[in-house]
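Coordinate analysis (summary)
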Amino acid sequence: AFMVAALFFSTAGGALTIDTPESCGPLNSWEKVASEILVGIISQLLSAMPFYILPVIRKRGFIYVDMLDTANRWRSLRRRFMLQDLLFYSLELLIFSFSVLFLMSFLANVSRSDGLRWLLSAVTSLAFSLVLSPLLSALLLAVLFGSFKKWRPHLA
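Rules of the game
Throughout this description, residue numbers start from 1 for each chain and increase along the sequence as written. Note on the predicted model: pLDDT of at least 70 is required for a residue's local features to be given, and 80 or more for side-chain atom pairs to be given and counted; whole-chain, interface and lining totals, by contrast, use all residues. Water and hydrogen atoms play no part in the side-chain values, which are based on all heavy atoms of the structure. Only DSSP runs of H or I with at least four residues qualify as helices, and only runs of E with at least two residues qualify as strands; both kinds are numbered from the N terminus onward. Exposure categories follow from relative accessible area, calculated using a 1.4 Å probe and restricted to protein chains: below 20% of the type maximum is buried, above 50% is exposed, and the middle band is partly exposed. What makes two residues a contact is simply this: any of their non-hydrogen atoms within 4.5 Å. Residue-level accessible areas treat just the shown protein chains as cover; the underlying method is Shrake-Rupley with a 1.4 Å probe. Here a helix's expected span is defined as the number of its residues, less one, multiplied by 1.5 Å. Bend, in this description, refers to the angle at a residue between axes fitted to the seven residues ending there and the seven starting there. We define the nonpolar core as a collection of buried residues of types Ala, Val, Leu, Ile, Met, Phe, Trp, Tyr and Cys that are connected through side-chain atoms lying within 4.5 Å of one another. Only rings of Phe, Tyr and Trp enter the pairing, Trp through its six-membered ring, and a pair is recorded when the two centres are within 6.5 Å. The plane angle decides the type: under 30 degrees is stacked, over 60 is edge-to-face, the rest tilted. In this analysis, a patch consists of residues with relative accessible area above 30% that form no salt bridge, clustered at 9 Å for like charges and at 5 Å for the nonpolar side chains Val, Leu, Ile, Met, Phe, Trp and Tyr. Salt bridge, as applied in this entry: a Lys or Arg side-chain nitrogen positioned within 4 Å of an Asp or Glu carboxyl oxygen. The pLDDT score gives, residue by residue, the confidence of the prediction method on a 0 to 100 scale.

Digging into the overall build of the protein
- Within the protein, the regular secondary structure consists of five helices and zero strands.
- When the helices and strands of the protein are read in sequence order from the N terminus, they spell out α-α-α-α-α.
- Put simply, the protein has 156 residues, and 22% of those count as buried.
- Look at the contacts in the protein between residues 6 or more apart in sequence, and 83% of them connect residues 24 or more apart.
- Here the protein has roughly 11,800 Å² of accessible surface; of this, 72% comes from carbon and sulfur atoms.

Okay, here's the thing in structure tokens:
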């Protein structure tokens with residue numbers, strides 16, 4: 001989520017370089033705060049995409065013993081699973097390394113105020129994933145179970 005927020009700031013033109021004077025930035029502070037909060041929420045949603053794509057690589061099904069009639073078949077399945085694991089962990093390491101490199105280069109090349117704007121967006125993203133998302137899920141479940149208990153009391 002942090003890398004997506006930094007990417008958004010760098011491509012949308014919201015981040016100024018170190019050499020740019022502070023007078024070139026936006027004037028309204030409430031618009032800046034609202035923009036950073038929005039970037040934090042959107043980056044949190046977009047950063048979840050690899051977590052939905054990567055498990056497709058490791059998708060496995062149950063294998064019954066009857067199907068494994070020979071030792072060669074068993075070895076080939078083990079080899080395929082090990083290659084899937086290797087590909088999965090290599091892609092995770094690549095994504096993590098690229099994210100760290102991108103964040104370091106982004107923070108090294110933006111002004112102090114833009115670094116603080118990115119930090120606000122990152123904290124918003126973190127708060128969304130650690131506080132707001134579980135809170136909204138719990139609230140939704142409480143409403144659903146409360147309405148279920150009200151409409152179907154004999155089942156509760």
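A short note on helix α5 (residues 112–151)
- Over its 40 residues, α5 runs 56 Å from end to end, which matches the ideal 58 Å to within 8%, given 1.5 Å per residue.
- Its maximal kink placed at F128, α5 deviates by approximately 45 degrees.
- Every buried residue belonging to α5 is among D114, G115, R117, W118, S121, A122, T124, S125 and F128, and all of these are buried.

Observations regarding the nonpolar core
- Listed in full, the five residues of the largest apolar core are L103, F106, V110, W118 and A122.
- Elements represented by at least two residues in this core include exactly α4 (71–109) and α5.

Quick notes on the environment of I57
- With respect to the element layout, I57 can be found in the loop between α3 (49–53) and α4.
- A residue is classified by how much of its surface remains accessible, and I57, at 23% relative accessible area, is partly exposed.
- Once the C-alpha coordinates of I57 and Q84 are considered, the two residues, 27 residues apart in sequence, prove to be 6.4 Å apart.

Regarding the packing of aromatic side chains
- This structure, assessed with the given rule, holds two aromatic pairs.
- Summarising the aromatic geometry, the rings of F88 and Y89 are spaced 5.3 Å apart at their centres and angled 75 degrees between planes, so their arrangement reads as edge-to-face.
- Judged by centre distance (6.1 Å) and plane angle (35 degrees), the rings of F98 and F102 are tilted. In this pair, F98 and F102 are both assigned in helix α4, four residues apart and thus about one turn of the helix distant.

Brief notes about a nonpolar patch on the surface
- Side chains of L126, L130, V131, L132, L136, L139 and V143 sit close together on the surface and give an oily, nonpolar patch of about 660 Å² of accessible area.
- Overall, L130 belongs to the exposed group, its relative accessible area being 60%.

What about α4?
- Under the 1.5 Å per step criterion, the end-to-end length of α4 is 57 Å for 39 residues, consistent within 8% with the ideal 57 Å.
- Those residues of α4 that fall on the buried side of the exposure criterion are L77, F81, Q84, F88, S99, F102, L103 and F106.

Concerning the side chain of Q84
- Note that Q84 resides in helix α4.
- With near-sequence residues (within four places) excluded, Q84 lies in contact with I57, R58, K59 and R60.

Section: the confidence of the model for the protein
- On average, residues of the protein score 75 in pLDDT, and 73% of them are at 70 or above.
- For the protein, the element scoring lowest by mean pLDDT is helix α1 (residues 2–11), at 64; α4 scores highest, at 85.

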